[in-house]
Amino acid sequence: MDDAVDHGLIYARNLTRLIDDPRSLRRDVERGRLVRLRRGVYVPRERWAASTSREQHIMRIHAVIASAERPVLVAGPSAAALWGMPIAGAWPRDVTVLDQWRGGGRSEPGVRRVTSGHATAASVTIGGVAATSLPRTALDVARRKSLVDAIGSVDWALWRNNPHAVDRADLLEECARVSVHAGRRALESVVAFATHLSDSFGESASRAAMHGLGFQIPELQVVFRDAEGKIILDYYWRGVNVGGEFDGKVKFTRNEFTGGDPGEVAWREKKREDRVRRQVAGVVRILDHDVRNPHRLEALLREAGIPRVDGR
């Protein structure tokens, strides 16, 4: 029965010769044993429940491809899922595909078809799936979003530890293909602000939020050394000798980071901060909810003595 399962999915078309009653799949859905992704495409409930939201979206992509009448070019947030690119918010239920304009009839359940820029889109193959190139994907994800929501995806495209990283010139070349009315200037501004030094989506969003509030942008990943070794600060404002750290909620809640002991993580962070405070005049810690609360973030930065761009 191995040929009936692909990418963790079960395809009804492959099962017709292996089961006597095709209605058994529907009954398994009703009993909660299977999750129906599209007509004729299922996934075992246990596998679905054990998968991350990104992995679930990738399953939806394969389900769409399996039922497509013609070749599919995956784009936007769906291409981002294939690349491993982080995005703002939750992974969508609908799979985004880039298609030629064919008049009406483009909508179908579970699929979002877009046509803008189809003629100039470069495609690559990721895990057997045709998807937009990394520069195109980064810009599509960033398009029409605020800098706070867009920058993490674009930073990731440049990130020094990303095995697929591109250069800023690659992103600007892709920007040149975007028409002015489709937001080219805004995308160029995002690319200009982007950096290869940001180590997480949250760090990127935090930096953009600081910028939006008019504070000076810090140096990133600055290295200090003490008797215990080196310390790398997320942010450093050299003019006032203040360091900054971004702490995402996942550091204290996900087992992959805590090893089952959030208290130990908190203790390590305290010891690390003690070391940092011996190196700098002050430390400001920024959390996820601070980034989404401008008044809170402004107060944190002001109290830490972080100067504004205009010198206030």
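Residues numbered from 1 in each chain as written. Predicted model: local features only at pLDDT ≥ 70, side-chain atom pairs only at ≥ 80, totals over all residues. Heavy atoms only, no water.

*Asks:* How should I be thinking about helix α15 (residues 294–303) in this particular structure?
*Replies:* Since there are 3.6 residues in each turn of an α-helix, residues three or four apart along the chain are aligned in direction. Inspection of α15 places L297, A299, L300 and L301 among the buried residues, and these make up the whole buried set. Against α10 (201–212), β11 (229–237), β13 (282–287) and α14 (288–291) lie the buried residues of α15. (Buried < 20%, exposed > 50% of the residue type's maximum accessible area, 1.4 Å probe, protein only. Helix = DSSP H or I, 4+ residues; strand = E, 2+ residues; numbered from the N terminus. Contact = heavy atoms within 4.5 Å.)

*Asks:* Just to check I follow, could you spell out the layout of surface pockets for this structure?
*Replies:* To find leftover empty space, one rolls a probe the size of a water molecule over the atoms. Size it by volume and the second largest pocket reaches roughly 440 Å³. Along its surface, the second largest pocket is lined by 20 residues, and G76, R112, V114, D140 and R143 are the ones closest to its centre. Going through the elements one at a time, α5 (76–83), β6 (95–98), β7 (111–114) and α6 (134–142) are the ones with two or more residues in the lining of the second largest pocket. No other element matches α6, which puts three residues into the lining of the second largest pocket. (1 Å grid on protein atoms, 1.4 Å probe; cavity = no way out; pocket = protein on both sides within 12 Å on 5 of 7 lines; lining within 4 Å. Points joined across faces, edges and corners; volume = space filled by probe spheres on them.)

*Asks:* Is there a simple way to think about the environment of L158 in this case?
*Replies:* If you trace the backbone, L158 turns up in helix α7 (residues 147–158). Note: C-alpha distance between L158 and L134 (24 residues apart in sequence) is 10.0 Å. Excluding residues that lie within four positions of it along the chain, L158 makes contacts with A165, V166, D167, R168, L171, A194, T195 and H196.

*Asks:* Hey, could you run me through the side chain of R38 in this one?
*Replies:* Summarising the element assignment, R38 is placed in strand β3 (residues 34–38). Its relative accessible area of 15% is what places R38 among the buried residues. Within the local environment of R38, its side chain forms a polar contact with the backbone oxygen of P109, the two atoms lying 2.9 Å apart. Contacts of R38, omitting those with residues within four sequence positions, involve A63, V64, S67, E108, P109, G110 and V111. (Polar contact = N/O pair within 3.5 Å; in protein donor to acceptor, adjacent residues only side chain to side chain.)

*Asks:* Got a minute to help me understand the packing of aromatic side chains in this structure?
*Replies:* How two aromatic rings sit relative to each other is set out by the distance from centre to centre and by the angle between their planes. Applying the stated criterion across every chain yields a total of two aromatic pairs. Geometry around F215 places R308 over its ring, the cationic atom sitting 4.3 Å from the centre. (Phe/Tyr/Trp six-rings, centres within 6.5 Å; stacked < 30°, edge-to-face > 60°. Lys NZ or Arg CZ within 6 Å of the ring centre and 35° of its normal.)

*Asks:* Would you explain α10 in this entry?
*Replies:* Between its terminal C-alpha atoms α10 stretches 16 Å, which fits the 16 Å expected from twelve residues at 1.5 Å a residue. The buried fraction of α10 amounts to ten of the twelve residues, a majority that puts the element mostly inside the structure. Those residues of α10 that fall on the buried side of the exposure criterion are F201, G202, E203, S204, A205, S206, R207, A208, A209 and M210. Just past α10, the residue G214 takes up positive phi, approximately 90°. (Expected span 1.5 Å × (residues − 1).)

*Asks:* How do you make sense of empty space enclosed by the protein when you look at a structure like this?
*Replies:* Inspection of every chain in the model, using the stated rule, returns one cavity of 30 Å³ or more. For the largest cavity, the calculated volume is near 40 Å³. In terms of residue class, the lining of the largest cavity is made up of five nonpolar, no polar and three charged. (Nonpolar A, V, L, I, M, F, W, Y, C, P; charged D, E, K, R; others polar.)

*Asks:* What should I look at first to understand unusual backbone geometry in this one?
*Replies:* Most peptide bonds take the trans configuration, and most residues that are not glycine carry a negative phi. Phi at R144 takes a positive value of approximately 70°, unusual for a residue other than glycine. Structurally, R144 is set in the loop between α6 and α7. Since its relative accessible area comes to 64%, R144 is described here as exposed. Positive phi, normally seen in glycine, also occurs at N241, with a value near 55°.

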